[in-house]
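A structural walkthrough
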Protein chains: 2
Amino acid sequence: MEKRRNYSRKREAILNAVRSTTSHPTADWIYEKLKPEYPDLSLGTVYRNLAQFKEDGTIISIGVVNGQERFDGNVKPHTHFVCSECGCVLDVPEEFINPDRMAQIEKEYHMRIDSADLLLRGICPDCFKKIR
Amino acid sequence: MEKRRNYSRKREAILNAVRSTTSHPTADWIYEKLKPEYPDLSLGTVYRNLAQFKEDGTIISIGVVNGQERFDGNVKPHTHFVCSECGCVLDVPEEFINPDRMAQIEKEYHMRIDSADLLLRGICPDCFKKIR
DNA sequence: CTCCGTGCAAATACTTTGCAAAGCG
DNA sequence: CGCTTTGCAAAGTATTTGCACGGAG
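Here the structure is a predicted model, which is why all the values come from computation and not from measurement. (Residues numbered from 1 in each chain as written. Chains lettered and ligands numbered in written order. Predicted model: local features only at pLDDT ≥ 70, side-chain atom pairs only at ≥ 80, totals over all residues. Heavy atoms only, no water.)

Regarding the packing of aromatic side chains
This model, assessed by the stated rule, comprises 0 aromatic pairs over all chains. For Arg101 of chain A, the ring lying beneath its charged end belongs to Phe96 of chain B, and the centroid distance is 5.3 Å. (Phe/Tyr/Trp six-rings, centres within 6.5 Å; stacked < 30°, edge-to-face > 60°. Lys NZ or Arg CZ within 6 Å of the ring centre and 35° of its normal.)

This is how it looks when you write it as C-alpha cells:
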C-alpha cells in the first residue's frame, strides 16, 4: 500500500531547510531560502513535499498563523507561542500535558487522541521590551 | 479611540448564530444558516462582523481547520478536539493549564501571555465507533 | 523502460476590500 | 445630517492541481 519514493535532491533540501531553523517557517519562506541554490525550484514542489513530510510525520504543522501554515522540524511535543505583535512563533520548552490524564480522557470519552498541542498567544520578549 | 457602533439586526443575528451552537461554525455555515431569514445577507457582512466580534473578544477563533476558520461563542477557556476523520470540532470541558504555572512562565521569559489554547487531534467518539 | 518528481501556469478556496446606497442615532 | 453597516462584485492570498517532460531505479 505504501508508495514507492525516489530520491530527490530538492526534497532533501526542503527537509533540511525546515530542520535548519527554529523559526517555524512557511512554505514561501522555504521557497525563498532555497531559490538561490535551486533557481528552478517551484513553489508547488515545496508545497507538495511539505504535505508529504507532514503525512509521513517527518515534520509537523503548527497551524495557520496570519493566513499562512507554519511548519516545524522538531517533532517532539512542545509548546508554541505566537506573538500577536510581530507574528513570530517561538518554542516554549515546557511540558504542560500529563500523559496519564490524556489516557484517562481517551477512555472516558471513548475516543482516540493522537496529539495535544498547546498554543500560547501574547507578546514576545522582544516586542515586550520595545513597547514599554 | 473607541469606534462608535450602531445597532444592526444582522450583526445581532450573526452573534446569536455563533452562540446558538457548539459546532464551532465557519463563516459560511453561519451565512447559510441565516440566509433563509435574511435573504439579502452577504458573506462579506458575516466575515466583517465575525472579525469585529473576535476583536472585541465577544467570540474567539479556534483556529483554521481544513482551510476554514472556526469560531466559538464560548469564550471561557476550554480545550478543543479536532477529528482527523470527519473534521468535526468538539469541546472538552477539562482544565489542563495551571494559571500559576503560566504566570511563572511569563516572569521567567519576560513576556506576556494572553491566552493558552490546548488543541487535541484524533478520532472522535462517533468515528471511533464506525471504524472498529 | 516505468513510475516518480517537478516546473509552470491555471484553477481553487477562502477571505478581504472598494464603493455606492441604506440605516442608525 | 454624519458616521456606520451592508450588498455586490472584484480583488487578494495562500494553496492545490493538471500536464508534459526530465530523472531515478
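So that's the structure; there's more coming.
Regarding the sheet that holds strand β4 (residues 89-92) of chain B
Sheet architecture is open: 6 strands sit in the order β4(A)-β3(A)-β5(A)-β5(B)-β3(B)-β4(B), paired in mixed fashion. Both edges of this open sheet fall to β4 (89-92) of chain A together with β4 of chain B, since each of them pairs with a single strand only. Each adjacent strand pair in this sheet contributes to an overall mean axis angle of 30 degrees, direction not counted. In the sheet, strand β5 (residues 112-123) of chain A pairs with strand β5 (residues 112-123) of chain B via 11 bridges, with the strands oriented antiparallel. (Pairing = 2+ DSSP bridges. Helix = DSSP H or I, 4+ residues; strand = E, 2+ residues; numbered from the N terminus. Axes fitted to C-alpha atoms, helices over the stretch in contact; angles between N-to-C directions.)

Quick look at the protein's contact with DNA strand C
Near DNA strand C there are 21 residues, and of these Lys10, Arg11, Asp40 and Thr45 of chain A together with Tyr47 of chain B occur at the shortest range. Considering DNA strand C, the proportion of its atoms within 4 Å of the protein that are sugar or phosphate atoms stands at 74%. Lys10 of chain A is positioned such that a nitrogen or oxygen atom in its side chain is 2.6 Å from a phosphate oxygen of DNA strand C. Separating a phosphate oxygen of DNA strand C from a side-chain N or O atom of Arg11 of chain A is a distance of 2.4 Å. Counting only elements with at least two residues in the surface near DNA strand C, the list comes to α1 (9-19) and α3 (43-56) of chain A together with α3 (43-56) and β2 (68-72) of chain B. When its residues are assigned to classes, the surface near DNA strand C shows 3 nonpolar, 9 polar and 9 charged. (Near = heavy atom within 4 Å. Polar contact = N/O pair within 3.5 Å; in protein donor to acceptor, adjacent residues only side chain to side chain. Nonpolar A, V, L, I, M, F, W, Y, C, P; charged D, E, K, R; others polar.)

Brief notes about the relation of the copies chain A and chain B
Here chain A sits on chain B after a turn of 180 degrees about the axis and a move of 0.0 Å along it, with an RMSD of 0.1 Å. A rotation of that kind, with that shift, is consistent with a two-fold axis. Residue Leu118 of chain A, judged by its C-alpha, is the member of chain A lying nearest the rotation axis, at 2.2 Å. Counting the interface residues of chain A, we find that 100% of their copies in chain B are interface residues as well, pointing to one common contact surface. (Least-squares fit on C-alpha atoms with pLDDT ≥ 70 in both. Contact = heavy atoms within 4.5 Å.)

Thoughts on the domain arrangement of chain A
All names here are of chain A. Once the domains are mapped, chain A shows domain 1 (1-73) and domain 2 (76-132). A straight line from the C-alpha centre of domain 1 to that of domain 2 covers 22 Å. The junction of domain 1 with domain 2 conceals about 600 Å² of combined surface from both sides, 59% of it contributed by carbon and sulfur atoms. Summed over the three residues of domain 1 that lose the most area to domain 2, namely His24, Ile62 and Val65, the buried surface amounts to 57% of that side. Applying the counting rule to domain 1 against domain 2 returns 0 salt bridges. When contributions to the side of domain 1 that touches domain 2 are tallied by element, the ones reaching two or more residues are β1 (60-65) and β2 (68-72). (Domains from an automatic or database assignment. Buried area = accessible area lost by both parts, 1.4 Å probe. Salt bridge = Lys/Arg side-chain N within 4 Å of Asp/Glu carboxyl O.)

Observations concerning the pairing of β4 of chain B
Along any regular strand, the residues point their side chains to alternate faces of the sheet. Pairing geometry for strand β3 (residues 79-83) of chain B and β4 of chain B, over 4 bridges, is antiparallel. Paired with Thr79 of chain B across the bridge in β4 of chain B is Val92 of chain B.

Quick look at the packing of α1 of chain A against helix α2 (residues 27-34) of chain A
All names here are of chain A. Here α1 crosses α2 at 115 degrees, and the two axes come no closer than 10 Å. It follows from the interaxial angle that α1 and α2 lie roughly perpendicular. Our pair here, α1 against α2, has a crossing hand that is right-handed. Only Trp29, Ile30 and Leu34 of α2 make contact with α1, whose side of the interface consists of Ala13, Ile14, Ala17 and Val18. (Parallel < 35°, antiparallel > 145°, perpendicular 65-115°, else oblique. Left-handed = near helix turned anticlockwise from the far one by under 90°.)

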